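# Commentary on secondary and tertiary structure
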Amino acid sequence: MFKKMSLGRRYFLYASLSVLTGASAVSAGKNRNYMYSQALDDSSKEFKVLGKNSLKDRAAAKGLIYGAAAVKDYLVSNTNLKTSFVRECNMLVPDYQLKWDSIRPHPKKFDFTKSDWLAQFARRHGMFFRGHTLVWHQALPVWFKEVVNRKNAESLLLEHITTVTKHYGGKIHSWDVVNEAIEIDDGRTDGLRKTPWLEFLGADYIELAFRTAAACDPKAMLVYNDYGLEYDGYQDGAKRTAVLKLLERLKSRGTPIHALGMQSHLMGHIPGFNAKKLRSFLADVASLGLKILITELDVVDQELTSDPIARDRIIAGLYEDYLNIVLDERAVIAVLTWGLSDKYTWVSSFYPRSDKSPVRPLPLDSNMKYKLAWNAMARAFDHAPKR
């Protein structure tokens, strides 16, 4: 999952887009959220769906996988969530219970208790199981900063990847091998983010991670995962270019990489996508022989209207518009939301609303009831071309 980003910074980056919607004429302040909502809300759209098939069945009918992130404690404590998850999802990815700080409490100790429970839950209910994530600059254990240095970083990284991938060898659909390795603002010509792994091991740490994972779990799909690739502003455009160059470089060196993961944390207040540029990027990725997964889809509604009906319409519209674009690319094989229900979402903590009303970023509400976002996803799956 991507790091917390200031909405103010992202709003600035896309200010030019507001000119196209007339929002630039609105003065800053209390009226801004309302005007964005008016511009984005198409009240004539009804989001009607045919039949009662689940999201997983609608996706499967087109050769797609639908799933979501989950946490053991929530599935155990909330029967309605468990029932809904089994009904709607054909893939489960641990939200945080396979990250370093969750499974490696000590340099010499691994604890797979919670991630094993999730793997067993997925297997028991006939779901694919994903691994997230083997290499990231965040969610590192408290001991990392004091223990890891240039001398031992490679051995610790190799030990971690080897231990984790072998533990789940043959049971994983796909691994997010490296997560969020690109950061344009860090100023490197290759676009790489300045992380401890880059500092200790150099740029080849990415290739090293993929080769190690492939050797230990040869049946798994190996994925590079990142955020900020969807919109039309300079930042996302530059990041798409940097990610594509990274993928090209890895492929040119014979690195065993099989797919790109696009997190797709959509920002509710940003008015739309440049379909031509987005389709071109997806086609460029596919031309490298790579599959594409939408890995962490949701809609951040912090800047949207307080009216929940209007807000749900805007969110549903973004889901449908975005998925209609990306699902036209047949290299896209999976759509995963970062959670299933508004009751359990990272958006509540990272992007709480100033009016204190509950956030509404996901297909089901806090009571596990269908929302317009569910309808929008169902419609997008129904309209998608078959794989």
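Bear in mind the structure is a predicted one, so any value in this text is a computation, not a measurement.

Counting its regular elements, the protein contains 17 helices and nine strands. Expressed as a percentage of the 387 residues in the protein, the buried residues total 57%. Here the contacts in the protein between residues at least 6 apart in sequence split such that 80% fall between residues at least 24 apart. Only carbon and sulfur atoms are counted for the fraction: they give 51% of the accessible area of the protein, which is about 15,900 Å².

Mapped onto the secondary structure, Met 377 falls in helix α17 (residues 372–383). Taking the relative accessible area as the measure of exposure, Met 377 reaches 0% and is therefore buried. Taking the C-alpha atoms as reference, Met 377 lies 9.7 Å from Asp 321; in sequence the two are 56 residues apart.

Under the definition given, this model contains 18 aromatic pairs. Measuring from ring centre to ring centre gives 6.1 Å for Tyr 66 and Phe 381, while their planes differ by 55°; the resulting arrangement is tilted. Of this pair, Tyr 66 sits in strand β1 (residues 65–70) while Phe 381 is found in helix α17, placing the two residues 315 residues apart along the sequence. What makes Phe 381 buried here is its relative accessible area of 0%. Across the ring face of Tyr 227, the terminal group of Lys 239 is positioned such that the distance to the ring centre comes to 3.6 Å.

Okay, the pattern of salt bridges next. Tallying each qualifying case throughout the model produces 21 salt bridges. Of the charged contacts, one joins Asp 382 and Arg 58 as a salt bridge, the two residues approaching to 2.6 Å between their closest N and O atoms. You can see Asp 382 sitting in helix α17 and its partner Arg 58 sitting in helix α4 (residues 55–60), a full 324 residues away along the chain. Residues Asp 232 and Lys 277 are paired through a salt bridge, measuring 3.0 Å at the closest nitrogen-oxygen approach. With a gap of 45 residues between them, Asp 232 in the loop between β5 (221–226) and α13 (234–252) and Lys 277 in helix α14 (residues 275–287) connect regions that are remote in the sequence. The exposure class of Asp 232 is partly exposed, given its relative accessible area of 24%.

Another aspect to go through is the pairing of strand β3 (residues 128–135). Most of β3 is tucked away: seven of the eight residues are buried. Where strand β2 (residues 91–94) meets β3, two bridges bridge the pair, whose relative direction is parallel. Within the sheet, the bridge partner assigned to Met 91 lies in β3 and is Phe 128. Examined bridge by bridge, β3 and strand β4 (residues 174–179) share four bridges and lie parallel to one another. Its bridge partner lying in β4, Val 135 is registered against Val 178.

Moving on to helix α6 (residues 79–88). Structurally, the α-helix is built with 3.6 residues per turn, so residues lying three or four positions apart point the same way. Looking at α6, one finds that the buried residues are Leu 81, Ser 84, Phe 85 and Glu 88. In an axial view of α6, the angular spread of the buried residues amounts to 100°, which keeps them on one side of the axis. On its buried side, α6 packs onto α4, β1, α5 (72–77), β2, α8 (113–124) and α17.

Turning to the packing of α13 against α14, a few remarks are in order. As a packed pair, α13 and α14 sit with axes 10 Å apart at the nearest point and diverge in direction by 10°. Compared by their axis directions, α13 and α14 come out roughly parallel. Along the contact surface, α13 presents Arg 240, Val 243, Leu 244 and Leu 247, while α14 presents Lys 277, Phe 281, Asp 284 and Val 285. Among the residues forming the contact of α13 with α14, the class breakdown is five nonpolar, no polar and three charged.

Our next topic: the environment of Leu 323. Tracing the chain through its elements places Leu 323 in helix α15 (residues 308–326). As a C-alpha pair, Leu 323 and Ala 380 span 57 residues in sequence and 6.0 Å in three-dimensional space. Setting aside anything within four residues of it in sequence, one finds Leu 323 in contact with Leu 297, Val 335, Met 377 and Ala 380.

What follows deals with the pairing of β1. The buried count for β1 comes to six of six residues, which makes it a mostly enclosed element. Inspection of the sheet shows β1 paired to strand β9 (residues 332–337) by four bridges, in the parallel sense. Bridged to Ile 65 within β9 is Ala 334. Inspection of the sheet shows β1 paired to β2 by three bridges, in the parallel sense. When the sheet's bridge partners are listed, Ala 68 is paired in β2 with Leu 92.

Axis separation between helix α10 (residues 153–167) and helix α12 (residues 205–216) bottoms out at 9 Å; the angle between their running directions is 35°. Handedness of the crossing formed by α10 with α12: right-handed. Listed contacts from α12 to Glu 154, Leu 158, Ile 161, Thr 162, Thr 165 and Lys 166 of α10 are Leu 208, Ala 209, Thr 212, Ala 213 and Cys 216.

Attention shifts here to the confidence of the model for the protein. Considering every residue of the protein, the mean pLDDT works out to 91; 89% of them sit at 70 or more. Mean pLDDT across the elements of the protein ranges from a minimum in helix α2 (residues 15–21), with 34, to a maximum in strand β6 (residues 259–262), with 99.

Take the side chain of Glu 296 next. With respect to the helices, strands and loops of the structure, Glu 296 is situated in strand β8 (residues 291–300). Lacking a salt bridge, the buried Glu 296 has Arg 130 as its closest oppositely charged neighbour, with an N-O distance of 6.5 Å. Here Asn 225 takes part through its side chain, which lies 3.1 Å from a polar atom of the side chain of Glu 296.

Each value, and the rule that gives it
Residues numbered from 1 in each chain as written. Predicted model: local features only at pLDDT ≥ 70, side-chain atom pairs only at ≥ 80, totals over all residues. Heavy atoms only, no water. Helix = DSSP H or I, 4+ residues; strand = E, 2+ residues; numbered from the N terminus. Buried < 20%, exposed > 50% of the residue type's maximum accessible area, 1.4 Å probe, protein only. Contact = heavy atoms within 4.5 Å. Areas by Shrake-Rupley, 256 points an atom, 1.4 Å probe, with all protein chains shown as cover. Phe/Tyr/Trp six-rings, centres within 6.5 Å; stacked < 30°, edge-to-face > 60°. Lys NZ or Arg CZ within 6 Å of the ring centre and 35° of its normal. Salt bridge = Lys/Arg side-chain N within 4 Å of Asp/Glu carboxyl O. Pairing = 2+ DSSP bridges. Arc of directions from axis to C-beta. Axes fitted to C-alpha atoms, helices over the stretch in contact; angles between N-to-C directions. Parallel < 35°, antiparallel > 145°, perpendicular 65-115°, else oblique. Nonpolar A, V, L, I, M, F, W, Y, C, P; charged D, E, K, R; others polar. Left-handed = near helix turned anticlockwise from the far one by under 90°. pLDDT = per-residue confidence, 0-100. Lys, Arg positive; Asp, Glu negative; His and termini not counted. Polar contact = N/O pair within 3.5 Å; in protein donor to acceptor, adjacent residues only side chain to side chain.

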